[in-house]
Amino acid sequence: MPEKEKTAPNAPTAIGAEQPSQNNCNNIITENSENFNSSRNILQMVRQAFDPYHINTFTMEELLNTAYAPVTPIIDDLLYPGVYLFVGAPKLGKSFLMAQLAYHVSKGIPLWNYTVHQGTVLYLALEDTYPRLQRRLSRMFDVSGTEKLHFSITSSGIDSGLDKGLEGFVQQYPDTKLIIIDTLQKVRETGGVEYSYANDYQIMSKLKEIADRYGICLLLVHHTRKQRSDDSYDTVSGTNGLFGAADGAFLLQKEKRTANTATLEISGRDQQDQKLHLVRNTEKLYWELERTETELWKEPPEPILDRIAEFITADNPHWVGTATELIEKIGTDIPVNAITKKLNVNVGRLFNEYSIVYKSSRTHDGRRIELHFGSAP
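Everything numeric in this text was worked out from a predicted model, so none of it was measured. (Residues numbered from 1 in each chain as written. Predicted model: local features only at pLDDT ≥ 70, side-chain atom pairs only at ≥ 80, totals over all residues. Heavy atoms only, no water.)

**Some thoughts on the sheet that holds strand S3 (residues 82-88)**
- The 9 strands lie next to each other as S5-S4-S6-S7-S3-S8-S9-S10-S11, forming an open sheet whose pairing is mixed. Only two strands of the sheet have a single neighbouring strand rather than two, namely strand S5 (149-152) and strand S11 (287-292). Sheet twist, expressed as the mean angle between neighbouring strand axes with direction ignored, is 20°. (Pairing = 2+ DSSP bridges. Helix = DSSP H or I, 4+ residues; strand = E, 2+ residues; numbered from the N terminus. Axes fitted to C-alpha atoms, helices over the stretch in contact; angles between N-to-C directions.)

Set out below in structure tokens:
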């Protein structure tokens with residue numbers, strides 16, 4: 001009896017999530033796939049009934065034979081789905097930069113030299129008032145508004161319903177890409193364990209669960225300590241639990257508080273570390289890119305992807321066939337059992353760089369490959 005194809009929405013797969021068994025190779029999956037989770041959970045329950053200490057394993061061969069849904073950036077090379085900290089000293093200009101990020105994502109217009117992918121944005125400006133937001137936004141962007149940028153100056157705490165509120169918003173606006181919480185301290189409920197590593201890690205884990213479930217970015221504005229450190233990220237207020245559980249962090253710093261320039265350090269799981277030099281536009285109050293210290297690394301060309309892109313185009317948007325047929329189509333001598341692995345590894349690149357959706361499924365006649373130009377059919 002043939003296997004059922006397992007697919008899931010485009011959401012990133014979390015580190016440590018359960019993985020597919022050998023029988024389910026070459027399907028596009030994430031940890032949010034209902035079929036994937038149910039089958040794995042049943043198998044896990046059966047195994048644990050006999051051995052409560054059983055460890056589910058995943059071989060390298062299974063890993064290469066599994067295609068994961070692509071992670072689409074919010075801003076190319078800058079901001080990805082997940083939970084990010086945006087850290088800086090008080091009154092440094094963080095909220096102006098947050099407004100800038102929110103506006104550019106909601107409009108889908110480039111930010112500095114970075115490509116932006118448009119989507120709905122929720123900005124919880126919890127230290128502001130609506131009149132102040134109005135003045136700030138009109139000064140920065142004149143009266144060029146957008147229906148995709150939503151604001152609120154109130155919110156529940158992390159332990160008193162924030163997750164439900166965020167989920168409700170994402171369900172109401174399914175194209176949501178970015179949620180900014182300004183500031184983290186306003187939704188933090190520490191009780192009697194303030195600034196413990198365990199509590200900080202738990203806070204970030206709760207927020208990360210939401211971000212991973214819906215494939216969105218949660219950007220948390222936070223403050224730095226007054227103490228200096230050789231490692232800039234050690235100045236993050238709280239414990240290492242915050243930074244350790246985050247997918248990435250931005251650190252905005254000035255040499256002098258009165259200076260009109262700043263540096264923005266960026267570190268994350270899905271991107272290269274960067275350091276940007278910014279200058280404040282004194283009239284509009286938004287930040288402009290002066291220069292970058294780091295030249296971004298680019299993946300080397302992949303001939304197979306280039307050849308696929310030559311025949312999967314807007315004029316010829318769809319193709320279905322076997323791995324053998326695909327090899328003949330693109331004119332390469334790669335082994336049949338290697339081409340699907342190569343495509344599995346490059347699912348994200350194929351989609352993000354060439355706008356081609358790749359799917360693989362098992363049928364009565366064997367493994368079927370499907371390629372589609374643009375969004376999934």
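Still more ground to cover, so stick around.
**Side note on the pattern of salt bridges**
- This structure, assessed with the given rule, holds 16 salt bridges.
- Note that Lys148 and Asp175 form a salt bridge whose closest N and O atoms lie 2.5 Å from each other. In this pair, Lys148 sits in the loop between helix H4 (130-141) and S5 while Asp175 sits in the loop between helix H5 (162-172) and strand S6 (176-182), placing the two residues 27 residues apart along the sequence.
- For Asp175, a relative accessible area of 31% translates into the label partly exposed.
- Across the salt bridge formed by Glu209 and Arg213, the nearest N and O atoms sit 2.8 Å from each other. Taken together, the positions of Glu209 and Arg213, both in helix H6 (residues 197-214) and 4 residues apart, correspond to about one turn of that helix.
- Judged by relative accessible area, which is 47%, Glu209 ranks as partly exposed.
- Each of Lys208, Asp212, Asp247 and Arg269 takes part in one network of salt bridges that share partners. (Salt bridge = Lys/Arg side-chain N within 4 Å of Asp/Glu carboxyl O. Buried < 20%, exposed > 50% of the residue type's maximum accessible area, 1.4 Å probe, protein only.)

**With respect to unusual backbone geometry**
- The omega angle of the peptide bond from Asp182 to Thr183 is 20°, so this bond is cis rather than trans.
- Topologically, Thr183 is positioned in the loop between S6 and H6.
- Positive phi outside glycine occurs at Asp142, with the angle close to 60°.
- Note that Asp142 resides in the loop between H4 and S5.
- For Leu285, which is not glycine, the phi dihedral falls at a positive 70°.
- Note on placement: Leu285 falls in the loop between strand S10 (271-280) and S11.
- Overall, the relative accessible area of 18% leaves Leu285 in the buried class.

**Some thoughts on the nonpolar core**
- The biggest cluster of nonpolar side chains holds 42 residues, and the ones touching the most others in it are Ile75, Trp112, Leu219, Phe250 and Leu264.
- The element best represented in this core is helix H3 (residues 94-107), accounting for 8 residues.
- Leu264 has contacts with Phe86, Leu97, Trp112, Phe250, Leu251, Leu252, Gln274, Lys275, Leu276 and Leu278, leaving out every residue within four places of it along the chain.
- One finds Val87, Ile181, Leu184 and Ala211 within the second-largest nonpolar core, a separate group that totals 28 residues. (Core = buried A, V, L, I, M, F, W, Y, C linked by side-chain atoms within 4.5 Å. Contact = heavy atoms within 4.5 Å.)

**Some words on the sheet that holds strand S14 (residues 366-373)**
- On the basis of which strands lie adjacent, the open sheet formed by 3 strands has the order S12-S14-S13 and antiparallel pairing. Unpaired on one side and paired on the other, strand S12 (318-321) and strand S13 (356-363) mark the two borders of the sheet. Geometrically, the sheet is characterised by an average inter-axis angle of 15° between neighbouring strands, direction not taken into account.
- Where S12 lies against S14, 4 bridges are found, and the strand directions are antiparallel. Within the sheet, the bridge partner assigned to Val320 lies in S14 and is Glu370.
- Of the strands in this sheet, S12 and S14 touch helix H9 (residues 323-330), which is tilted by about 130° from S12.

**Focus on the packing of H5 against H6**
- The geometry of H5 relative to H6 is characterised by a closest axis approach of 10 Å and an angle of 15° between their N-to-C directions. One element, H5, and the other, H6, form an angle in the roughly parallel class. Seen from above, H5 lies across H6 with right-handed handedness. Each of Leu162, Asp163, Leu166, Glu167, Val170 and Gln171 in H5 lies in contact with H6, whose residues at this interface are Leu207, Ile210, Arg213 and Tyr214.
- Across the contact of H5 with H6, the residue classes break down as 6 nonpolar, 1 polar and 3 charged. (Parallel < 35°, antiparallel > 145°, perpendicular 65-115°, else oblique. Left-handed = near helix turned anticlockwise from the far one by under 90°. Nonpolar A, V, L, I, M, F, W, Y, C, P; charged D, E, K, R; others polar.)

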